[in-house]
Amino acid sequence: MWSRITDAILTSKWNKPFPVTLLPSAITFYLTEKQQVRHRQILQEIRALGDHDIKAANTIASHPA
């Protein structure tokens, strides 16, 4: 009986240390932000190429996020 209660408490999702529950969310947030910056940069490069501004496109491409 006590072993079932102890196992339930130790395996509860609320009984985890702070970094264990927060770390995956923080990593996902960081990677999403980096991906959004890169997507914005690619869109700017495509717009510059669409305007036939090769110099601006090369400047954007030479400074990756």
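Residues numbered from 1 in each chain as written. Predicted model: local features only at pLDDT ≥ 70, side-chain atom pairs only at ≥ 80, totals over all residues. Heavy atoms only, no water.

1. Description of the overall build of the chain
We count it as follows: Starting at the N terminus, helices and strands are each numbered in turn, a helix being any DSSP run of H or I of at least four residues and a strand any DSSP run of E of at least two. Remark: exposure states derive from per-residue accessible area (1.4 Å probe, protein chains only) relative to the maximum for the residue type, with buried under 20%, exposed over 50%, and partly exposed in between.
Within the chain, the regular secondary structure consists of three helices and zero strands. Reading the chain from its N terminus to its C terminus gives the helix and strand order α-α-α. The buried share of the chain, taken over its 65 residues, is 6%.

2. A word on the confidence of the model for the chain
Convention followed: One confidence number per residue, pLDDT, is output by the predictor and ranges from 0 to 100.
Per-residue confidence for the chain gives a mean pLDDT of 77; residues scoring 70 or more make up 68%. Ranking the elements of the chain by mean pLDDT puts helix H1 (residues 2-10) last with 67 and helix H2 (residues 18-50) first with 84.

3. Some points on the environment of Ile46
For Ile46, the position within the fold is in helix H2. According to the relative accessible area criterion, Ile46 is exposed, its value standing at 51%. Distance in space between the C-alpha atoms of Ile46 and Ile60 is 9.9 Å, their sequence separation being 14 residues.

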